[in-house]
Each structure stands twice: as structure tokens, then as C-alpha cells.
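A structural walkthrough
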Amino acid sequence: MKTVIMAGGKGTRVASIADDIPKPMIQICGKPILEYQIDCLKRNGLTDIIIVVGHLGQYIKDYFKDGSSFGCNISYYTETAPLGTAGSLFKIDNLSDDFLLLNGDVILDMDFSRMISFHKEKNAFATLAVHPNNHPFDSALITSNNDDLVTGWLNKEEKRTWYKNQVNAGVHILSLEFLNNCHFDNEKIDLDRDILKPNIPGGKIYAYSTPEYIKDMGTPERYAQVTAAIEKDIVKGRNLKNRQKAVFLDRDGTINTFRDFMEKPISFLTNPDDLELIEGASDAIKKINSLGYLAIVITNQPVIARGDIDFQTLDLIHMKMETELGIQGAYIDDLFYCPHHPDKGFEGERPEFKIECDCRKPKPGLILKAAKKYNIDLSKSYMAGDHIRDVQSGINAGCIPVYLASNEKSIKNIDGIDVKVYSSLKEFTGTLAD
């Protein structure tokens, strides 16, 4: 599969770092952004590369030449006039079949074989890499259904309320057949606004969600964040070919407050308006993010089995949680929930979910599912929650258990395992190291 890298932008927002070279040639830890991309492509066996250059593009050509010294075959397409983010794709004459498309200002390290396999399995016209980030409020958000089919696209200036933190990462696989069916009167074409977003109703554009490191270099602040991530080896470490470490998190009482929402002896969160983050929870999750751990929520939600809410309302609750976290610069990498409950006899209950399952904590099913999906080393991962069943599920999965109990400070012994007790998620994450 060929790769096209769009490296013709001027990078006005990051000009304070370097304004005399193309944005993709800005150096981080002694190496240009573009070289990090090419190194990653080479490790994935993707060595046939076309770089689209424009503004100060000779710097890129002089540095990489034909790519042979970098173990690749590099050719160039030079824009003599700005063609937008996609205009050049209709002019490159040596594209064939599906191809990978990267924004040249993105630092990334990915197992591209996973994304390519996903693209082929879906028989997609276009596959977009999506991920959570720490500034979703000023990013384009992608919505998708349970089959990963893209259903909506919110540009950053468009009105939004609660949303899933699922951001377009600037990594795409495109079908040449798909592009050949797109026709425009002008040469300057925007990939997102002119090609991808208008074709969502066609039902062949898919979202490939990954927690791997992908970050654009749009601002000096993000430049500093990427520099720190490279220095800590987080960028390479998040490639899913490598074993990951995670902090699994309970939801109610760990991230959001758990109180008597319905004024009943036993009650659950059923209204998104009632969701409130625990003080310090977002700071704790930001710490998890910054240290290179995956932040994955594992939660029992018997409200489905009880008939208290439907799946759409539960999704809204989770979207509000992700929105509130994103506003404060934190994000979760994924969320798994169990909708089952074995006890029967509730008015309005849904019989199909009144079953014994392997995903309801303290059983470890959801943790094991996440571990398989993300290549997680459970022995180096934590399960943190405010209930003994959270602790027990972590033990059952082989994680390091963490008990969040504000009124207990002693180390508990459960099944012969010493369990450390912390007053809050923030206190626990204060003890985490790289």
C-alpha cells in the first residue's frame, strides 16, 4: 500500500517555533516531524511514499531526497498553487488501489496493519483513524454507530452539547475508486468538508478507533506536549504492537459522584443532567494520560436490565462524562459496561438482560476483553474502584487492585492479596510513576 503525506502547509499557528522551514520539518528532540512518520512507516513495511510539498518544499526534498538513505522509496508532488488538503490527490498520477494518507504535521506511532485489516474487513471507501484527545472542544468530532460506520461529523465551529471524545486524527485510508467518483469544478479541495463529510450518507466511511499516540503540531503548547511524550518514550510505547499498561476505572463513586438520585434506598444514575464529576477526578485521569497508561472505564450498569433507562440514555450519560472530562483536559481511552443483572422481579425489567454473565463485576470478563483488544499486560495494570467488587474483579483479572474508600486507610487483605486503600482516585494517581 502506498502512502501519501500532505506536507505543504505553512504552519502559521506554530510559527513562533520556526517560520523559515516547512512545518513538517520542525525538529523535535533532534529530528524533523516528517522523519518520525517515515521511520514509523518503514517499521510497518510501508516504504512506497509520495510527499506532497508546497511552501518551502525544497527543504523537504533536500533532506529526504529519494528516501534510499531512510530505507524507503520517496517521490514528490509539488503544488505550484495551493490545492487545499485534497486537491493534489486528483493530480498525482501514480496512485493505484487504496492508499494511506497522513497529515505531515502529526507525530504518531501506530501498528498500521491493524488499521489496514479493519479497512479491508469493512470494505470501506474511506477509513478515518479516530481517538480521544485533551482538547476535543476545538477539534473535529466524528460520530459512529456500533458497527463503526461514521454517522456524523462536527467541525469545531459547529454547535455541540454532549459528545463522545472521538476526534479525527489526521490519518486516513482512501479508496481510489471512491476519489474517482468525486467531481469538482475547482482545483482547491478540502478533504474533510468537500469529500468526507458530504459522503457520510453513502454508508461506506468508517471510524477506526485507536489509543495509539497521534498528535498534531498545531500550537506551541502541543509542541511542548509532544516533546515530553517523546522524551518519556510514550509515543513509541503506545504502539499496539507493544504490551500496554492500563488503569481500569470504575465509574460511579470513582469518576462521578454516586448519590441517591432517585430518592430510593438503592438507586442509580439515570439522568445525564445528574452526572457530576468527583472533585479531582479529571486531574487524576490527566495524570493517567500523561504517564502513558490507558484509561479504561469498567462499569456495571444494571439500569439496563432493570428497565430504568435505555441504551441511548446511557450513551448520553457517558457522552456527558467525556465532555466534562475533555473540558478539563482529560480523556478516557475506552469504556466497557455490563448491562446485565441476575436478580429478577423488578417492574419494567428486561428479561433478556436478566442473566448470569461473565462481564458483571466482580467477574473479570470486561477487563479481559479490553486486555485482548489493546494488548494490555494485566500484571502491570491497575483496577481502581470504590467497591469491593471492583477490587475483586481486578484480582480475578490479574491486575493490581486499588480500593478507593475515604473512611478506610488500612491495607486490606483479600484472597491473600494486600490491597492498598486510598481516599480518592486523585490520591491514588499521585503515587503512579512512569
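Residues numbered from 1 in each chain as written. Predicted model: local features only at pLDDT ≥ 70, side-chain atom pairs only at ≥ 80, totals over all residues. Heavy atoms only, no water.

This part covers the overall build of the protein chain. For the protein chain, the helix and strand inventory stands at 13 helices and 20 strands. For a compact globule of 434 residues, the expected C-alpha radius of gyration is about 22 Å, and the protein chain comes in at 23 Å, within 12% of that figure. Seen through its principal axes, the protein chain has C-alpha atoms that stretch 70 × 45 × 35 Å. A buried classification covers 55% of the 434 residues belonging to the protein chain. Taking all contacts inside the protein chain whose residues are at least 6 apart in sequence as the whole, residues at least 24 apart take part in 70%. Element-wise, carbon and sulfur atoms account for 48% of the exposed surface of the protein chain, whose accessible area totals about 19000 Å². Side chains of the protein chain give 51 positive and 61 negative charges; the mean places of these two sets differ by 2 Å. (Helix = DSSP H or I, 4+ residues; strand = E, 2+ residues; numbered from the N terminus. Rg over C-alpha atoms; globule rule 2.2 N^0.38 Å. Buried < 20%, exposed > 50% of the residue type's maximum accessible area, 1.4 Å probe, protein only. Contact = heavy atoms within 4.5 Å. Areas by Shrake-Rupley, 256 points an atom, 1.4 Å probe, with all protein chains shown as cover. Lys, Arg positive; Asp, Glu negative; His and termini not counted. Charge placed at Lys NZ, Arg CZ, Asp CG, Glu CD.)

Quick look at helix α11 (residues 365–374) now. For α11, the set of buried residues is Gly 365, Leu 366, Ile 367, Ala 370, Ala 371 and Tyr 374. Turning to α11, the residues buried within the fold contact β14 (246–249), β15 (294–300), β16 (334–338), β17 (382–385) and α12 (388–397).

With that settled, consider the layout of surface pockets. What the second largest pocket holds in volume is close to 1400 Å³. Lining the second largest pocket are 43 residues; nearest its centre among them are Asn 145, Asn 146, Lys 164, Asp 334 and Leu 335. Elements supplying a minimum of two residues to the lining of the second largest pocket: α3 (112–122), β8 (126–131), β9 (141–144), β12 (205–209), α10 (311–327), β16 and α11. In terms of residue count, α10 provides more of the lining of the second largest pocket than any other element does, seven residues in total. Counted by class, the lining of the second largest pocket contains 22 nonpolar, 12 polar and nine charged residues. (1 Å grid on protein atoms, 1.4 Å probe; cavity = no way out; pocket = protein on both sides within 12 Å on 5 of 7 lines; lining within 4 Å. Points joined across faces, edges and corners; volume = space filled by probe spheres on them. Nonpolar A, V, L, I, M, F, W, Y, C, P; charged D, E, K, R; others polar.)

With respect to the helices, strands and loops of the structure, Ile 278 is situated in the loop between β14 and α8 (281–290). Considering only alpha carbons, one finds Ile 278 and Leu 41, 237 residues apart in sequence, at a separation of 41 Å.

Burial runs high along strand β11 (residues 167–174): eight of the eight residues are buried. Bridging between strand β6 (residues 99–103) and β11 involves four bridges; their strand directions are antiparallel. If you follow Leu 102 over to β11, its bridge partner there is Val 171. Where β8 meets β11, five bridges bridge the pair, whose relative direction is antiparallel. Looking at the pairing, Val 130 lines up with Asn 168 of β11. (Pairing = 2+ DSSP bridges.)

Next up on the list: the pairing of β12. Within β12, four of the five residues are buried, which leaves it mostly tucked inside the rest of the structure. One ladder, built from five bridges, connects β8 with β12; its direction is parallel. Bridge assignment links Thr 127 to a residue of β12, and that residue is Tyr 206.

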